Amino acid sequence: MTGVTTEAVRFAGPGGRRLAAKLDLPPGEARAFAVFAHCFTCSKDFFTAARVSHGLAERGIAVLRLDFTGLGESEGERPYGDFDTSVADLLSAADHLRAAHRPPSLLVGHSFGGATTLAAAALVPEVRAVATLAAPSHPQHVTGLFGAAAREIEERGEGQVVLSGRTFTFGKEFLDTLADQPQRRRIGELGRALLVLHSPEDRQVAIAEATEIFRSAAHPKSFVALDGADHYLSDPADARYAAEVIAAWASRYL
């Protein structure tokens, strides 16, 4: 990643918890700042977040990629706490950029992180553009990953979920706040330029979810099909292409 430098960052999040992040800086002066929200139970260091963020930095956009509460190096007993906390985490990241550099004018979210950016965008007044990668139309989509553990969480107040060989403990408050999100209204009232990127071959989040996001949004909006890519953009070429598209599209708005 030619010329890009990466700084470790920590800042205060909801309830005083310390959140960890990495800031990818372009070789010259940044023409804009962005926040990247990672996929469900991933982290700032997951390859999708790192590759896309680096690609944007190479094209002049500085990117802060954070660990959400309870994930990666961020403090917190349970992943995310609840959905409202994940939104508050993203707002804390925007606050940090506002104080330390410049406020973010772009939000980028991968998968569940895309749902979070759509929920948070209207609460960051400086944001002018939002890009989603393989995002569901509603955050409640992730409950399909919980299987039988969802009933345990409802009955006992918490339960363990095994995802990609890792065990996470979620509380009932997480499921409750997912169900209560007015996501379609938020998308319709976004008031920012929206770019939806999704692969027709995505096996984790069907492209119909992207279609729902696009249909719910007002103009200006754009849709790019990431033909041949998987959900995580595992091929580095797919991540580079996504970064190129986002940077070129965003240049009209930033």
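Look up a bit, the structure's there.
Here's what I pulled together on the structure shown here. Note on numbering: residues in each chain are counted from 1, in written sequence order. Local features in this predicted model are restricted to residues whose pLDDT is 70 or higher, and side-chain atom pairs enter the listing and the counts only when it is 80 or higher, whereas totals over whole chains, interfaces and linings include all residues. The side-chain values count all of the structure's non-hydrogen atoms but skip hydrogen atoms and water molecules.

## A few points about the nonpolar core
Right, on to step 1. Within this scheme, the nonpolar core is defined by two criteria: the residues are buried Ala, Val, Leu, Ile, Met, Phe, Trp, Tyr or Cys, and they are joined through side-chain atoms within 4.5 Å. Only protein chains enter the area calculation, which uses a 1.4 Å probe; residues under 20% of their type maximum are buried, those over 50% are exposed, and those in between are partly exposed. By size, the foremost hydrophobic cluster in this structure holds 51 residues, and its most contacted members are Phe40, Phe170 and Phe174.
Right, on to step 2. With 6 residues, the single largest contributor to this core is helix H2 (residues 83–100).
Right, on to step 3. In this description, contact between two residues means that some pair of their heavy atoms is separated by no more than 4.5 Å. Here Phe40 is in contact with Tyr80, Phe112, Val142, Leu145, Phe146, Leu163, Phe170 and Phe174, once residues within four sequence places are set aside.
Right, on to step 4. Within the second largest apolar cluster, 28 residues are counted, among which are Ile61, Ala131, Leu233 and Tyr253. Numbering of helices and strands runs from the N terminus, with a helix taken as a DSSP run of H or I at least four residues long and a strand as a DSSP run of E at least two residues long.

## So, the layout of surface pockets
Right, on to step 1. One number sums up the size of the largest pocket: a volume of about 350 Å³.
Right, on to step 2. With a 1 Å grid spanning the protein atoms alone, the term cavity applies to any set of points in which a 1.4 Å probe fits but cannot get out, the term pocket to an open set with protein on both sides within 12 Å along at least five of seven lines, and the term lining residue to any residue with an atom within 4 Å of a point. What lines the largest pocket is a set of 19 residues, among which Phe40, Leu145, Gln204, His231 and Tyr232 lie closest to the centre.
Right, on to step 3. Side-chain classes follow a simple rule in which Ala, Val, Leu, Ile, Met, Phe, Trp, Tyr, Cys and Pro form the nonpolar group, Asp, Glu, Lys and Arg form the charged group, and the remainder, Gly included, forms the polar group. Residue classes in the lining of the largest pocket are distributed as 11 nonpolar, 7 polar and 1 charged. Grid points are joined across faces, edges and corners, and a volume is the space filled by probe spheres set on the points.

## A closer look at the packing of helix H1 (residues 47–58) against helix H8 (residues 236–250)
Right, on to step 1. Fitted lines through C-alpha atoms serve as axes, helices being fitted only where they are in contact, and the angles separating the N-to-C directions of these axes extend from 0 to 180 degrees. Remark: H1 packs on H8, axes separated minimally by 8 Å, with the N-to-C direction vectors making an angle of 45 degrees. Taken together, the axis directions place H1 and H8 in an arrangement best described as oblique. Here the hand of the crossing between H1 and H8 comes out right-handed. Together, Arg51, Val52, Gly55 and Leu56 of H1 and Pro236, Ala239, Ala243, Ile246 and Ala247 of H8 make up the contact between the two elements.
Right, on to step 2. Classifying every residue of the contact of H1 with H8 by side-chain character gives 7 nonpolar, 1 polar and 1 charged. These descriptions rest on fixed angle ranges, namely under 35 degrees for roughly parallel, over 145 for roughly antiparallel, 65 to 115 for roughly perpendicular, and the rest for oblique. Note on convention: the crossing is left-handed when the near helix lies turned anticlockwise from the far helix by less than a right angle, right-handed when the turn is clockwise.

## Here's the deal with the packing of aromatic side chains
Right, on to step 1. Between 30 and 60 degrees the pair is tilted, below 30 it is stacked and above 60 it is edge-to-face, where a pair is any two Phe, Tyr or Trp rings, Trp via its six-membered ring, whose centres lie within 6.5 Å. All chains considered together, the criterion is met by 18 aromatic pairs.
Right, on to step 2. Taken together, a centroid distance of 5.8 Å and an interplanar angle of 15 degrees make the contact between Phe40 and Phe170 stacked. A residue pair is termed long-range when its members are at least 10 positions apart, and Phe40 in the loop between strand S3 (32–37) and H1 and Phe170 in strand S8 (residues 166–171) qualify at 130 residues. Each member of the pair Phe40 and Phe170 is classed as buried.
Right, on to step 3. Judged by its relative accessible area of 0%, Phe170 is buried.
Right, on to step 4. Cluster of aromatic residues (ring-pair linked, three or more members): Phe40, Phe68, Tyr80, Phe83, Phe112, Phe146, Phe168, Phe170 and Phe174.
Right, on to step 5. Counted as over-ring charges are cases with an Arg CZ or a Lys NZ within 6 Å of the ring centre that also lie within 35 degrees of the ring normal. The ring of Phe214 has Lys221 sitting right over it, with the charged end atom 4.5 Å from the ring centre.

## Here's the deal with the side chain of Ser199
Right, on to step 1. Its place among the elements puts Ser199 in the loop between strand S9 (193–198) and helix H7 (207–216).
Right, on to step 2. Polar contact is the term for a pair of N or O atoms within 3.5 Å; when the atoms are in protein, one must be able to donate a hydrogen and the other to accept it, and sequence-neighboring residues count only if both atoms are side-chain atoms. At a separation of 2.5 Å, a polar atom in the side chain of Ser199 contacts the main-chain carbonyl oxygen of Ala229.
Right, on to step 3. In contact with Ser199, other than residues within four places in its own chain, are Ile207, Leu226, Gly228 and Ala229.

## Observations regarding the state of the cysteines
Right, on to step 1. Note on disulfides: each one is a pair of cysteine sulfur atoms within 2.5 Å. According to the stated counting rule, one finds 1 disulfide in the structure shown.
Right, on to step 2. One disulfide bridge connects Cys39 with Cys42, the sulfur atoms lying 2.0 Å from each other. Here the S-S torsion is close to -90 degrees, and the disulfide linking Cys39 with Cys42 is therefore left-handed. Each member of the pair, Cys39 as well as Cys42, is classed as buried.

## Section: the pattern of salt bridges
Right, on to step 1. The salt bridge criterion pairs a side-chain nitrogen of Lys or Arg with a carboxyl oxygen of Asp or Glu, the two atoms within 4 Å. Within the structure shown, the criterion is met by 17 salt bridges.
Right, on to step 2. Measuring nitrogen to oxygen at the nearest pair gives 3.8 Å for the salt bridge that ties Arg65 to Asp45. With Arg65 in strand S4 (residues 61–66) and Asp45 in the loop between S3 and H1, this residue pair connects regions lying 20 residues apart in the sequence.
Right, on to step 3. Accessibility expressed as a relative area gives 4% for Arg65, which makes it buried.

## Focus: the sheet that holds S9
Right, on to step 1. Taken in spatial order, the 8 strands of this open sheet run S1-S2-S4-S3-S5-S6-S9-S10, and their pairing is mixed. Only two strands of the sheet have a single partner each, and these edge strands are strand S1 (5–12) and strand S10 (221–225). Taking the axes of each pair of neighbouring strands and ignoring which way they run, one obtains an average angle of 20 degrees across the sheet.
Right, on to step 2. Here S9 runs beside S10; their pairing, made up of 5 bridges, is parallel. The residue bridging Leu195 from the neighbouring strand is Ser222, located in S10.
Right, on to step 3. Its contacts with the sheet put H2 on S1, strand S2 (18–25), S3, S4 and strand S5 (106–110), and the angle it makes with S3 is roughly 155 degrees.
Right, on to step 4. Against the sheet, H7 engages S9 and S10, with an angle of about 165 degrees to S10. Two strands pair if DSSP finds at least two bridges between them.

Function-wise, these values are silent; they only describe arrangement.
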